[in-house]
Amino acid sequence: MSKVHGRAGLALGLLFAINTLNFYDRHILATVTEPIRKQYGFTDTQMGWLGTAFILLYAIVGIPFGRLADRYNRKLLLGIGLFCWSLLTALSGAAAGFWSLFLTRLGMGVGEAVCAPAASSLIGDYYPAARRARAISIFMLGLPVGAMLSYLLSGWVAQSFGWRAAFFVAGLPGVLLAILTLTLMGEPDRGGAEAHAVGARRRSGSPYLLVLSIPTMWWIILSGALHNFNMYAVAAFLPAFLSRSHGLDLRESGFVSGMLLGLAGGVGLFWGGHLADRLVHQRPHGRLALGSLCLFAAIPLQVVALGQAPGHPVAFLVWMLPGTMMMYVYYSTVYSTIQDIVEPSLRGTAMALYFFAMYALGGALGPVGTGQLSDYFAREAAAGGAAREAARAVGLHRAMYVVPALQFLVGVVLYAGSRTVGRDREKLQTWMQAEA
C-alpha cells in the first residue's frame, strides 16, 4: 500500500475544495444572466452560447488532459489548471460585450478541464473499491456546494456592487488554493488501492479503444450526454426562470437556486454515495440500478414543480427540492461505477472520454438548446399579443419542460447499463488478479 494513503483525508478535502471552486466559478454567469442580458440586449440563445463556449472547449481539451493525468503528476496538473481558470474568471468581469465574454469563457474551459480526470484518478488510487463511492460523493459535493455558494454570494455581490464584481471576487481564492494543492497534496501510487494491485501496467493497444471495448462504458457515456444537457439547462436558466416566472430579484433567485442545486443536490450526492456502496456489496448492478430508479422518481416531482402558477416560488421549491435531490444521485452511482470497470492506468482516459460526451454532446447543447426553445416559445407568445418581458417569461417556462422529458431517457439508459456492469466488473478483477 502506498505511503501516501495516510494523507487520503487531506487530499480528499483539497479535491473537494477544488471542485467547489470549479462549480462556483462556472455558475457565476447563470446568476448574473438577467443584468447582462438587459445591459447588452442579448437573446436567450446568445446567453446560452456564452455557457456553451466554456463547455465546448472543456470537452475538447479534456481528452488530452485525461491522457496527461494517466502519465504525469496529477497534483501539478491540478494546481496549474486551477490558477489559470481563476485568473480568467476574474478577467470575465472586465468584458466589454459578447465576444470578450465568449473568449474568457473559452479560456476557463481549458483550465477547468484538468480537474475531473486528475481528481477522479487520484481518488481511485487513494480509496479501495469498497469505499470509493463515498469518497467520490464527497468530491462531487463540490458541485452542489459550489453552485449554492455561487448563486448566494454572486447574487448578493451583483445586487450590491454590479455584475462585474461577482467575477472579480472569485479570482483570489483559486490562486490560494492552487498554492495549497501544490504544497500539501501527495501523489499516490497508481493502482495501489486495488485488491489486486497492478501498478501502472496496462494492456497493449490504443487506450481509447481499450476503454471503449467495455460495454458498460457506452451506456455510461450516453447517459452522461443526456444528463448533462439537463443539468446545464437548469444551471444556466434557473435564476432567470425564477425572476421571470415568479418575480424574484437577484438575491432571492440566487437563494432559491442555491437551495435547489446546493442543499438538495448535496443531500442527493451524500445519500446516494452511501447507499450505492451498500448496494454494490449485495448485487454488482446495484449502483446503476439505484441511479436509474432515482431519475424515474424525479420526473413527476419536476413536472408538478414546473406546473405551479406564476408568482408562487415556495410551491415550486417544495416540489423541486426532492426532484433535484434525486437527479444528483446520478453522480455518486455513475462516477464510482467507472472506477469499478476501468483499470487504474486508464481511469483518467476513461473520465476524459466520458466528459467529452457529457459536455460536447450534452452540456454544450443544454444552455443553447434551451435558449433557442425559450426564444421560439417567446416569439409564439408575442405573436399572441403578450408584452415583450411577459413573452420571455412564457417562453422560458415552456422550454424548461425539456428537463423531465429527457430524464426519462437517462433512466432507461442507466437501466441498460446495469444489465452489463456485473460482467465488466468480473472481467476487470480477473485480469487484475492475473497481472498482480
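As a reminder, the structure under discussion sits directly above these lines.
What should I look at first to understand the pattern of salt bridges in this one?
Pairing between side chains of opposite charge can happen when their charged atoms approach one another. Tallied over the entire structure, the rule returns 8 salt bridges. Here R244 makes a salt bridge to D44, at a shortest N to O gap of 2.7 Å. Here R244, found in helix α12 (residues 215-246), pairs with D44, found in helix α3 (residues 44-71); they are 200 residues apart in sequence, far enough to count as distant. An identical accessibility class is assigned to R244 and D44; each is buried.

How should the nonpolar core be read in this particular structure?
Across soluble globular proteins, nonpolar side chains have a tendency to be buried as a group. By size, the foremost hydrophobic cluster in this structure holds 108 residues, and its most contacted members are M217, Y331, Y335 and Y354. If we skip the residues at most four places from it in the chain, Y335 touches I136, M140, M351, Y354, F355 and M358. With 21 residues, the next largest nonpolar core counts F42, M47, F98 and A158 among its residues.

Where do I start with helix α14 (residues 286-306) in this structure?
The α-helix winds at 3.6 residues per turn, so residues separated by three or four positions along the chain end up facing the same way. Across its 21 residues, α14 extends 31 Å between first and last C-alpha, which sits within 8% of the 30 Å expected from 1.5 Å per residue. In α14, a bend of some 25° at I299 exceeds every other bend along the element, and P300, a proline, comes one to four places later.

Is there a simple way to think about helix α8 (residues 142-161) in this case?
All of the buried residues along α8 are G142, L143, P144, G146, A147, M148, S150, Y151, S154, G155, V157 and A158. Following α8 by one or two positions, G162 has its phi on the positive side, about 100°.

Could you clarify how one ought to interpret the side chain of E34 in this entry?
Following the sequence through the fold, E34 ends up in helix α2 (residues 33-40). A relative accessible area of 10% means that E34 is categorised as buried. A polar contact is formed between the side chain of E34 and the side chain of R244, at a distance of 3.2 Å. When residues no more than four places from it in sequence are discounted, the contact partners of E34 are A240, S243 and R244.

Please clarify how the packing of aromatic side chains should be interpreted in this entry.
The geometry of two aromatic rings is summed up by the distance between their centres and the angle between their planes. All told, the structure shown has 19 aromatic pairs when counted by the stated rule. Between W156 and F161, the ring centres sit 5.8 Å apart and the planes meet at 75°, which makes this aromatic pair edge-to-face. For W156, a relative accessible area of 43% corresponds to the partly exposed category. Relative to F408, the ring of F296 lies with its centre 5.7 Å away and its plane at 55°, an arrangement referred to as tilted. With F296 in helix α14 and F408 in helix α19 (residues 402-418), this residue pair connects regions lying 112 residues apart in the sequence.

Can you walk me through the packing of helix α1 (residues 8-31) against α8 in this structure?
Each pair of packed helices gets described by two things: the angle between the helix axes and the distance between those axes. α8 packs onto α1 with a crossing angle of 45° between their chain directions and a minimal axis gap of 7 Å. Taken together, α1 and α8 sit at an angle that is classed as oblique. As α1 packs across α8, the resulting crossing turns out to be right-handed. Of the residues in α8, those touching α1 at F16, N19, T20, F23, Y24, H27, I28, A30 and T31 are G142, L143, V145, G146, A147, L149, S150, Y151, L153, S154 and G155. Tallied by class, residues from the contact of α1 with α8 come to 11 nonpolar, 9 polar and no charged.

Just checking my understanding: could you explain a nonpolar patch on the surface for this structure?
There is a patch of nonpolar side chains on the surface, built from V304, V314, V318 and W319 and spanning about 360 Å² of accessible area. With respect to the helices, strands and loops of the structure, V304 is situated in helix α14.

Rules used in this analysis
- Each chain carries its own residue numbering, running from 1 in the written order of its sequence.
- In view of the model being predicted, local features appear only for residues whose pLDDT reaches at least 70, and side-chain atom pairs are presented and counted only at 80 or more, with totals across whole chains, interfaces and linings using the full set of residues.
- Remark: hydrogens and water are excluded; side-chain values derive from all non-hydrogen atoms of the structure.
- Here, a salt bridge means any side-chain nitrogen of Lys or Arg that lies within 4 Å of a carboxyl oxygen of Asp or Glu.
- Starting at the N terminus, helices and strands are each numbered in turn, a helix being any DSSP run of H or I of at least four residues and a strand any DSSP run of E of at least two.
- Burial classes: relative accessible area under 20% of the type maximum marks a residue as buried, over 50% as exposed, and values in between as partly exposed (1.4 Å probe, protein chains only).
- In this text, buried Ala, Val, Leu, Ile, Met, Phe, Trp, Tyr and Cys residues form a nonpolar core when linked through side-chain atoms within 4.5 Å.
- Whether two residues touch is decided by their heavy atoms; if any such pair falls within 4.5 Å, the residues are in contact.
- Here the expected length of a helix is defined as 1.5 Å per residue gap, with one fewer gap than residues.
- Bend angle per residue: angle between axes fitted to the 7 residues ending at that residue and the 7 residues starting there.
- Under this definition, polar contacts are N or O atom pairs within 3.5 Å; protein pairs additionally need one hydrogen-donor-capable and one acceptor-capable atom, and for neighbouring residues in sequence, both atoms have to be side-chain atoms.
- Aromatic pairs are defined between Phe, Tyr and Trp rings, using the six-membered ring for Trp, whenever the two ring centres lie within 6.5 Å; interplanar angles under 30 degrees are classed as stacked, those over 60 as edge-to-face, and all others as tilted.
- The angle between two axes is taken between their N-to-C directions and runs from 0 to 180 degrees, where each axis is a line fitted to C-alpha atoms and a helix contributes only its stretch in contact.
- Each angle gets one of four labels, with under 35 degrees taken as roughly parallel, over 145 as roughly antiparallel, 65 to 115 as roughly perpendicular, and the rest as oblique.
- Crossings are sorted by hand: turned counterclockwise from the far helix by less than a right angle, the near helix makes the crossing left-handed, and turned clockwise it makes it right-handed.
- Only Asp, Glu, Lys and Arg are considered charged in this grouping, and only Ala, Val, Leu, Ile, Met, Phe, Trp, Tyr, Cys and Pro are considered nonpolar; every other residue, Gly among them, is considered polar.
- Two joining distances apply to patches: 9 Å for like charges and 5 Å for nonpolar side chains (Val, Leu, Ile, Met, Phe, Trp, Tyr), and every residue must have over 30% relative accessible area and no salt bridge.
- Calculation of accessible area relied on Shrake-Rupley with a 1.4 Å probe; when residues are assessed, cover is drawn exclusively from the protein chains displayed.

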